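If you want the building blocks of each chain, they are given just below.
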Amino acid sequence: PPILKNLDALVFDVQDVGARFYTYITTMGYALEAAAQKGIPFFVLDRPNPITGSLVQGPVLEKDLQSFTGYFPLPIRHGMTVGELARIFNAEKKIGAKLQVVRMTGYQRGDWYDQTGLAWVNPSPNLRTLTQAILYPGVAMVEGANVSVGRATLTPFEVLGSPWVRGKELAEYLNNRKIPGVEFRPVNFIPLSNRFKDQVCQGVQIMLTDRQALDTPALGVEIISALYQLYPKDFEIDKTLSSVGARWVLEAVREGKDPQSIAMTWQESLEQFRLLRAKYLLCLLYTSPSPRDRQKS
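In this convention, every chain numbers its residues from 1, walking through the sequence in written order. The predicted nature of this model means local features are confined to residues of pLDDT at least 70 and side-chain atom pairs, given and counted, to a pLDDT of 80 or more, with totals for whole chains, interfaces and linings taken over all residues. Only hydrogens and water are set aside; all other atoms, that is, all heavy atoms of the structure, feed into the side-chain values.

Student: Quick one: what's the story with the layout of surface pockets, residue by residue and with numbers?
Tutor: Lining residues are those with an atom within 4 Å of a point, where the points come from a 1 Å grid over the protein atoms alone and group into cavities, where a 1.4 Å probe fits but cannot get out, or pockets, open sets with protein on both sides within 12 Å along at least five of seven lines. Grid points are joined across faces, edges and corners, and a volume is the space filled by probe spheres set on the points. What the largest pocket holds in volume is close to 300 Å³. Phe21, Thr69, Tyr136, Glu143 and Arg151 are, among the 18 residues lining the largest pocket, the residues nearest its centre. Gly is placed with the polar residues, together with every amino acid not listed as nonpolar (Ala, Val, Leu, Ile, Met, Phe, Trp, Tyr, Cys and Pro) or charged (Asp, Glu, Lys and Arg). For the lining of the largest pocket, the per-class residue count stands at 8 nonpolar, 7 polar and 3 charged. When its volume is computed, the second largest pocket comes out at roughly 190 Å³. In this text, helices come from DSSP runs of H or I with a minimum length of four residues, and strands from runs of E with a minimum of two, each type numbered from the N-terminal end. With 4 residues, helix α1 (residues 24–38) is the single largest residue contributor to the lining of the second largest pocket. Residues belonging to the lining of the second largest pocket are distributed by class as follows: 7 nonpolar, 1 polar and 1 charged.

Student: Describe the environment of Lys168, and please don't skip the residues or the numbers.
Tutor: Tracing the backbone shows Lys168 in helix α4 (residues 167–176). Residue class for Lys168 comes out exposed when judged on its relative accessible area of 58%. Along the backbone, Lys168 and Gly203 are 35 residues apart, and their C-alpha atoms lie at a distance of 7.6 Å. Working definition: with a 1.4 Å probe on protein chains only, accessible area under 20% of the residue-type maximum means buried, over 50% means exposed, and in between means partly exposed.

Student: Could you give me a rundown of the packing of aromatic side chains, with the residues and numbers involved?
Tutor: The pairing test for Phe, Tyr and Trp rings, Trp by its six-membered ring, is centres within 6.5 Å, and the orientation test on the planes gives stacked under 30 degrees, edge-to-face over 60, and tilted for anything in between. Within this structure, the stated rule accounts for 11 aromatic pairs. With centroids separated by 5.6 Å and ring planes inclined at 45°, the aromatic side chains of Phe72 and Phe89 adopt a geometry described as tilted. Placement of the pair is Phe72 in the loop between β3 (57–60) and β4 (75–77) and Phe89 in helix α2 (residues 82–92), with a sequence separation of 17 residues. The same class applies to Phe72 and to Phe89, which are both buried.

Student: How would you sum up the sheet that holds strand β2 (residues 41–45)? Please name residues and give values.
Tutor: Strands belonging to one sheet form pairs held by backbone hydrogen bonds; the direction of such a pair is parallel or antiparallel. The 3 strands are arranged β1-β2-β5 in an open sheet whose pairing can be described as parallel. A strand with exactly one partner marks an edge of an open sheet, and here the two such strands are β1 (10–12) and β5 (98–102). Geometrically, the sheet is characterised by an average inter-axis angle of 20° between neighbouring strands, direction not taken into account. For two strands to pair, DSSP has to find at least two bridges joining them. With 3 bridges connecting them, β1 and β2 associate as parallel partners. Looking at the pairing, Leu10 lines up with Phe42 of β2. Along the sheet, α1 makes contact with β1, β2 and β5, crossing β2 at roughly 155°. We call two residues in contact when some of their heavy atoms are within 4.5 Å. Only C-alpha atoms enter the line fits that serve as axes; for helices the fit covers just the stretch in contact. Angles between N-to-C directions range over 0 to 180 degrees. Strands β1, β2 and β5 of the sheet are contacted by α2, whose axis makes an angle of about 160° with β5.

Student: Lay out the packing of helix α5 (residues 216–230) against helix α7 (residues 247–254) with the relevant residues and their values.
Tutor: Axis separation between α5 and α7 bottoms out at 10 Å; the angle between their running directions is 40°. Considered as vectors, α5 and α7 are oriented oblique to each other. As α5 runs across α7, the sense of the crossing is right-handed. Here Val221, Ile224, Ser225, Tyr228 and Gln229 of α5 come into contact with α7, specifically with Val249, Leu250, Val253 and Arg254. Of the residues that constitute the contact of α5 with α7, the class distribution is 6 nonpolar, 2 polar and 1 charged. Oblique is the label for any angle not under 35 degrees, not over 145, and not in the 65 to 115 range, which are roughly parallel, roughly antiparallel and roughly perpendicular in turn. Here is the rule for handedness: rotate from the far helix to the near one, and if that takes an anticlockwise turn smaller than a right angle the crossing is left-handed, while a clockwise turn gives right-handed.

This is the structure:
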């Protein structure tokens with residue numbers, strides 16, 4: 001409250017990356033609440049969703065698992081801009097802030113960030129490329145467990161591993177899964193800080209081959225399932241819950257269910273979320289054909 005004492009308004013101008021557990025959007029939610037309590041206007045300067053505002057994927061967060069890494073019951077890949085998220089937060093959580101979204105011009109929902117004409121600026125130190133941002137919603141699903149996702153390496157979120165993983169074995173397992181949009185190769189890496197600092201980690205490098213075909217949360221479940229099947233005594237699967245956001249997903253993995261069937265199971269809750277989401281999209285400016293459709297035309 002003292003920080004807001006002499007303010008006429010609060011402005012949010014931060015680049016999100018399109019994943020439920022990226023905490024910038026939680027910070028925005030807390031700021032909305034603070035502005036509402038103070039009775040001052042809250043402005044959101046809208047920005048593109050770098051991994052497109054058209055793809056909605058992954059399990060929807062269970063309400064009792066809400067936290068700093070999960071402010072609202074969103075799927076892992078929500079397909080919304082920060083302005084649209086502010087609208088859904090404000091209304092559905094009944095925050096009651098005096099919200100104004102300053103809209104973008106020229107933005108089309110299906111655009112990846114490199115199609116916007118804007119220069120890439122790292123939204124955080126460990127997201128240095130669009131490829132890393134694309135892989136992030138899937139690879140980061142295992143980050144809470146005893147696995148390195150490449151932080152403090154040259155390729156964060158493009159590699160994952162651990163001292164107890166056997167890289168060739170994991171790469172062969174995942175390649176045999178024929179996951180659309182990615183391939184895997186064995187790799188050794190040494191994080192310079194963070195988890196497993198100065199230790200040799202064996203694991204896989206993830207090669208993005210088709211970003212439009214990739215369902216990143218489905219990739220995350222494939223990785224969780226592979227680690228659990230291959231290393232059940234080593235992999236701390238329970239520690240992925242806060243990122244996965246759905247207990248039933250981890251229960252299905254433990255039961256040995258196929259990750260593809262798990263991804264099919266969350267489609268019903270995704271359809272329900274899409275109906276809710278549709279009420280808060282800035283449709284007049286942001287609804288457009290996908291990049292693939294525009295290329296055809």
